[in-house]
Amino acid sequence: MADEPSRPTRDDRDDLIKRQHDEIARLREELARAERERDRLKRQNERLKQQLDAARRAGFRQAAPFAKDQPQGHGGRPGRRAGARDGRRARRPIPAHVDETSDAPLPAACPACGGEVARVRVTAQYQEDLPVVRPIVRRFDVEVGCCVACGRRVQGRHPLQTSDALGAAGVHLGPGVVSVAVLLHKHVGVPLDKIATILRERFGLTVTAGGLAQTLHRTARIAAPTYAALCAQIRGSPVVSPDETGWRVGGTLHWLWAFVTPNTTVYAIRPGRGFDDAATILGADFAGVLVRDGWAPYRRFTQALHQTCLAHLHRRARTLCLDHPRSPWAAAVQDVLTDALALRDRRDAQRISAHGLAVARGRLLARLARLINTAPPLPAARRFAAHLAVEYAAALAFLWDPRIEATNWWAEHAIRPAVVNRKICGGNRTPRGAQTQQILASVVRTARQRHVDCTEIFTALLRAPHPTVAAGLQMPTQ
């Protein structure tokens, strides 16, 4: 008979319990260490996400968008690359007319050896230069009289006058100077003090920055009817592209709105970024087409047909592809957007029938709907899918109407001069300055769109005896 196993003694049981307690303590310590490591990694993940978002925002920012922290290498050779594949070589064309002709005779002797020099040929060299410009000073002898019937004061006005002010306010800047100041300040973004320097050193005209500011305010007041007419044209346009960017008025955050059509641009500086601010220009009952980004207040224009910007959607999809390369969902969304643009190009080139276009549109919408309903369980993908669901009806409107653009590039281009101006001046100091900014910038931008000389526009406005709408900026022919 085999021996029975011996029973564990009390000491053995105590030793086993002690080992188990030690193992439990060790596991608890490892668990606490793992939880601390998990919390550290979560904090690191959040910090890296914030740094990534900041780096992306810096990439989209207009201030020095191509700046690099550390240059790599020594760079390439400056200048144009050799070879026909990099384009033909360009040079300044020979001027169409010559104002002055001067001879450049040969020297009496060779500068190298002192020998006799024989003439071989005569060739031409051209030089284009700016003329010497001096201010034109006009004096108007204004006759002042009194009405015999009613006793009212009456004074004459010459067609070249820009104001009726006399006495202490009897010296004015002409329309040429005003046009240059408006263009440099409101379109190019040159500060008023530097404009005064240019006028003084280049043209011999002495004026202060404060004097220029008062002149711009007065010009904006005269151009106010023209601005109102441009706003009415925007409200009556069949297609409008709006956009907005931050602005400062007296150091307080405002928003500069741009409402753009192919031949008209209206800027409006408003304290907010909501529906009511946009409706002050468009009208709450705007019934045209809005080509805009995904900003939610635009969707409150319920009577309008909407087209959301495909470039913004494409960028979001590309960002998702970079963040989650193993998920094919974002790439599939990109394919739908790219195929939609390709279909637009086929339609514009008349390489597809109306029936084929309708069938292709339906297939694209079905593909997009399937992608919206099958988004992966990633928070960023879920948010993007929800946005696509909201914008579903506005995603491909450009495939129904050739007048509708697929992106809001009209407004993006119109915003750029304002952004350049903001980088230099930061905004406006007063509400009056903001009003001057929006009026003059709108007139200049619209004149450039319609290929009208800004000098002619402001000359006609300033010389008119009463405020009127500029002839070149009236309602265009549709």
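Residues numbered from 1 in each chain as written. Predicted model: local features only at pLDDT ≥ 70, side-chain atom pairs only at ≥ 80, totals over all residues. Heavy atoms only, no water.

1. As for the nonpolar core
Judged by nonpolar contacts, the single largest core of 49 residues is most densely connected at Trp329, Val333, Phe384, Leu388, Leu396 and Phe398. The contact partners of Leu396, leaving out residues within four places of it in the chain, are Gln307, Ala340, Leu364 and Leu365. Among the nonpolar cores identified, the runner-up in size contains 48 residues, and Ala223, Phe259, Leu440 and Val443 belong to it. (Core = buried A, V, L, I, M, F, W, Y, C linked by side-chain atoms within 4.5 Å. Buried < 20%, exposed > 50% of the residue type's maximum accessible area, 1.4 Å probe, protein only. Contact = heavy atoms within 4.5 Å.)

2. Concerning the sheet that holds strand 7 (residues 305-308)
Taken in spatial order, the five strands of this open sheet run 5-4-3-6-7, and their pairing is mixed. Sheet topology places strand 5 (264-270) and strand 7 at the edges, where each strand pairs with a single neighbour. On average, each strand axis in the sheet is inclined to that of its neighbour by 25°, with strand direction left out of account. Judged from the nine bridges that link them, strand 3 (residues 239-249) and strand 4 (residues 252-261) form a sheet pairing that is antiparallel. What sits directly across from Glu244, in strand 4, is Trp257. (Pairing = 2+ DSSP bridges. Helix = DSSP H or I, 4+ residues; strand = E, 2+ residues; numbered from the N terminus. Axes fitted to C-alpha atoms, helices over the stretch in contact; angles between N-to-C directions.)

3. Focus: a nonpolar patch on the surface
A surface patch of nonpolar side chains, about 310 Å² in accessible area, is lined by Ile94, Val98 and Tyr126. As for its placement among the helices and strands, Ile94 is situated in the loop between helix 1 (10-60) and strand 1 (144-146). With a relative accessible area of 60%, Ile94 lands in the exposed category. (Patch = residues over 30% accessible without salt bridge, like charges linked within 9 Å, V, L, I, M, F, W, Y side chains within 5 Å. Areas by Shrake-Rupley, 256 points an atom, 1.4 Å probe, with all protein chains shown as cover. Salt bridge = Lys/Arg side-chain N within 4 Å of Asp/Glu carboxyl O.)

4. Overview of unusual backbone geometry
The phi dihedral of Gln350 falls on the positive side, at around 55°, and the residue is not glycine. Along the chain, Gln350 falls in the loop between helix 7 (329-348) and helix 8 (354-373). Phi angles above zero are rare outside glycine, and His451 is one such case at about 55°. Inspection of the secondary structure puts His451 in the loop between helix 11 (431-449) and helix 12 (454-463).

5. Points about the packing of aromatic side chains
Centre-to-centre distance and the angle between the planes together describe a pair of aromatic rings. Following the criterion strictly, the structure yields five aromatic pairs and no others. Ring centres of Phe275 and Phe301 lie 4.7 Å apart, and the angle between their planes is 55°; this geometry places the pair in the tilted category. You can see Phe275 sitting in helix 5 (residues 275-282) and its partner Phe301 sitting in the loop between strand 6 (289-292) and strand 7, a full 26 residues away along the chain. Accessibility classification places Phe275 together with Phe301 in one group, the buried group. Judged by centre distance (6.4 Å) and plane angle (70°), the ring pair of Trp409 and Trp410 falls under edge-to-face. One aromatic cluster in this structure is built from Trp257, Phe259 and Tyr298. Just above the ring of Trp255 sits the side chain of Arg273; from NZ or CZ to the centre is 4.7 Å. It is Arg361 that lies over the ring of Trp400; its NZ or CZ is 4.3 Å from the centre. (Phe/Tyr/Trp six-rings, centres within 6.5 Å; stacked < 30°, edge-to-face > 60°. Lys NZ or Arg CZ within 6 Å of the ring centre and 35° of its normal.)

6. Section: the pairing of strand 3
Extensive coverage of strand 3 is indicated by the burial of ten of its eleven residues. By the bridge criterion, two bridges tie strand 3 to strand 6 in an arrangement that is parallel. Its bridge partner lying in strand 6, Val239 is registered against Val289. The antiparallel pairing of strand 3 with strand 4 creates a hairpin that spans two residues between the two strands, and Gly250 there sits at a positive phi of about 65°.

7. Section: the packing of helix 6 (residues 310-323) against helix 7
Running from N to C, helix 6 and helix 7 cross one another at 150°; their axes reach a closest spacing of 8 Å. Here helix 7 runs roughly antiparallel to helix 6, going by the angle between their axes. Considering the relative orientation of helix 6 and helix 7, their crossing is left-handed. When helix 6 is examined against helix 7, the residues Leu310, Leu313, His314, Ala317, Arg318, Leu320 and Cys321 are found in contact with a partner set consisting of Trp329, Ala330, Ala331, Val333, Gln334, Leu337, Thr338, Ala340 and Leu341. (Parallel < 35°, antiparallel > 145°, perpendicular 65-115°, else oblique. Left-handed = near helix turned anticlockwise from the far one by under 90°.)

8. Brief notes about the state of the cysteines
Inspection of the entire model under this criterion finds zero disulfides. There is no disulfide at Cys146, and the cysteine sulfur nearest it, in Cys147, is 6.9 Å away. Note on Cys146: relative accessible area 53%, which makes it exposed. Considering cysteine sulfurs only, Cys150 is the nearest to Cys147, which forms no disulfide, with 3.5 Å between them. (Disulfide = S-S within 2.5 Å.)

9. Concerning the environment of Glu391
Along the chain, Glu391 falls in the loop between helix 9 (379-390) and helix 10 (409-425). Along the backbone, Glu391 and Asp293 are 98 residues apart, and their C-alpha atoms lie at a distance of 10.0 Å. Leaving out residues up to four positions away in the same chain, Glu391 has contacts with Arg292, Asp293, Gly294, Arg299 and Thr308. Within polar-contact distance, the side chain of Glu391 engages the side chain of Arg292 at 2.7 Å. (Polar contact = N/O pair within 3.5 Å; in protein donor to acceptor, adjacent residues only side chain to side chain.)

10. Topic: the pattern of salt bridges
Counted under the stated rule, the structure contains 17 salt bridges. Between Arg26 and Glu30 there is a salt bridge whose closest N-O contact spans 2.5 Å. Of the two residues, Arg26 and Glu30 both sit in helix 1, four residues apart, roughly one turn of that helix. Note on Glu30: relative accessible area 35%, which makes it partly exposed. Note that Arg367 and Asp339 form a salt bridge whose closest N and O atoms lie 2.9 Å from each other. Of the two residues, Arg367 sits in helix 8 while Asp339 sits in helix 7, which places them 28 residues apart along the sequence. Relative accessible area serves as the criterion here: at 27%, Arg367 is assigned to the partly exposed category.

11. A look at the pairing of strand 6
The two faces of strand 6 match: Val289 and Val291 on one face and Leu290 and Arg292 on the other face are all buried. Here four bridges tie strand 6 to strand 7, and the two strands are oriented parallel to one another. By the bridge assignment, Val289 is partnered in strand 7 with Leu305.

12. Focus on the environment of Arg382
With respect to the helices and strands, Arg382 occurs in helix 9. On the accessibility criterion, Arg382 (46% relative accessible area) is partly exposed. Each residue touching Arg382, except ones within four places of it in the same chain, is listed here: Ala375, Pro376 and Pro377.

Any link to function would need more than the numbers given here.
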